[in-house]
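# Structural features, examined
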Amino acid sequence: MLEYVKGEIAEITPAFVVIDCDGVGYMLNISLNTYASLQNQLSAKVFVYEAIREDAYVLYGFSDKMEREMFSLLVSVSGVGPNTARMILSSLSPDDLQAVISSGNVSQLKLVKGIGAKTAQRIIVDLKDKIKSGNNTLLVQLESSSETFDEAVAALVMLGFPRPAVQKAVGKLLKDSPLIKVEEAIKMALKIL
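Residues numbered from 1 in each chain as written. Predicted model: local features only at pLDDT ≥ 70, side-chain atom pairs only at ≥ 80, totals over all residues. Heavy atoms only, no water.

### Considerations on the overall build of the chain
On a plain count of helices and strands, the chain comes out with 10 helices and 5 strands. Taking 193 residues into account, the globule formula puts the C-alpha radius of gyration at 16 Å, and the chain, at 17 Å, falls close to it. Along the first, second and third principal axes, the C-alpha atoms of the chain reach 45 × 45 × 35 Å. Looking at the chain residue by residue over its 193 residues, the buried ones come to 41%. Pairs at least 24 residues apart make up 51% of the contacts formed inside the chain by residues separated by at least 6 positions. Here the chain displays about 10400 Å² of accessible surface, and carbon together with sulfur accounts for 52% of that area. (Helix = DSSP H or I, 4+ residues; strand = E, 2+ residues; numbered from the N terminus. Rg over C-alpha atoms; globule rule 2.2 N^0.38 Å. Buried < 20%, exposed > 50% of the residue type's maximum accessible area, 1.4 Å probe, protein only. Contact = heavy atoms within 4.5 Å. Areas by Shrake-Rupley, 256 points an atom, 1.4 Å probe, with all protein chains shown as cover.)

Now the structure itself:
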């Protein structure tokens, strides 16, 4: 599993970036937000989301972890695929998207190309409880800053548990016991899941 790709920017367009890592070029699909933050740089560290299907292995790149977490949450919604999530993140910054979801602003989401009323409502219903409405900061983003959270979530997802449920369970454990070790977090999360 790739966490990030770091190297020289070999090529960049509004749709993708190619990062050269010691002679190997990784092509990552990007949003317009990521394009704006990378376009004048010679090198970059791009966080990766891997979309593996029967017929394709596609990498999506993000200039920061927060945008990747929003992408991950969006693709967890039924009917929202990676390209739709990328379109949403090209139209709205992660902060704006969080504000739209927490306020339940369906009409703002419908302005994104390809998003109808039903999809916009589904996104808001599915993700509203995963976003803190107080300061519009993802619970996941706060918790993902810890290595314990990242490692425990990665291990449980590899075991086949759905990422949103795993993030919620591990996040609750770390909130209650911030100094818990990775192994203990995994064992306790398995009991919850």
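### Considerations on helix α8 (residues 147-158)
For α8, which comprises 12 residues, the first-to-last C-alpha distance of 17 Å matches the rise-based estimate of 16 Å (1.5 Å per residue) to within 8%. For α8, the complete set of buried residues consists of T148, F149, A152, V153 and L156. Down the axis of α8, the sector holding all buried residues measures 120°, keeping them to one side. In α8, the exposed positions that point more than 90 degrees away from the buried face belong to E147 and M158. Directly beyond the C-terminal end of α8, a positive phi value near 105° is found at G160. (Expected span 1.5 Å × (residues − 1). Arc of directions from axis to C-beta.)

### Notes on the packing of aromatic side chains
Counted by the stated rule, this structure contains 4 aromatic pairs. Between Y60 and F71, the aromatic rings sit 5.1 Å apart at their centres with planes inclined by 35°, giving tilted as the arrangement. Pair noted here: Y60 is in strand β5 (residues 57-62) and F71 is in helix α2 (residues 65-75), with a separation of 11 residues, a long-range link. With respect to burial, Y60 and F71 carry one shared label: buried. (Phe/Tyr/Trp six-rings, centres within 6.5 Å; stacked < 30°, edge-to-face > 60°.)

### Focus on the pattern of salt bridges
Any two side chains of opposite charge can pair, given that their charged atoms come close. Counted under the stated rule, the structure contains 4 salt bridges. Of the charged contacts in the structure, one is a salt bridge between K65 and E3, with a shortest N-O distance of 3.8 Å. Of this pair, K65 sits in helix α2 while E3 is found in the segment before β1 (4-12), placing the two residues 62 residues apart along the sequence. The class for E3 is partly exposed, based on a relative accessible area of 34%. A network of salt bridges, in which partner residues are shared, links E3, K65, R68 and D150. (Salt bridge = Lys/Arg side-chain N within 4 Å of Asp/Glu carboxyl O.)

### What about the nonpolar core?
Of all hydrophobic cores here, the largest spans 26 residues; its most connected members are L74, I88, L97, L109 and I123. At the level of secondary structure, the elements contributing two or more residues to this core comprise β5, α2, α3 (82-91), α4 (94-103) and α6 (117-127). By residue number, the principal contributor to this core is α2, which donates 5 residues. If we ignore the near neighbours within four places in the chain, the residues touching I123 are L74, V77, V80, I88, I101, L109 and K128. (Core = buried A, V, L, I, M, F, W, Y, C linked by side-chain atoms within 4.5 Å.)

### Structural notes on the pairing of strand β2 (residues 16-21)
Across the 6 residues of β2, 5 count as buried, placing the element largely inside the fold. Strand direction decides the pairing type here: β1 and β2, joined by 4 bridges, are antiparallel. Bridge pairing links I12 to V17 in β2. Hairpin remark: β1 followed by β2, antiparallel, with 3 residues in the connecting loop. Here 6 bridges tie β2 to strand β3 (residues 24-29), and the two strands are oriented antiparallel to one another. The residue of β3 that forms the bridge with D20 is G25. A loop of 2 residues connects β2 with β3, the two strands running antiparallel in sequence, and D22 in this loop sits at a positive phi of about 50°. (Pairing = 2+ DSSP bridges.)

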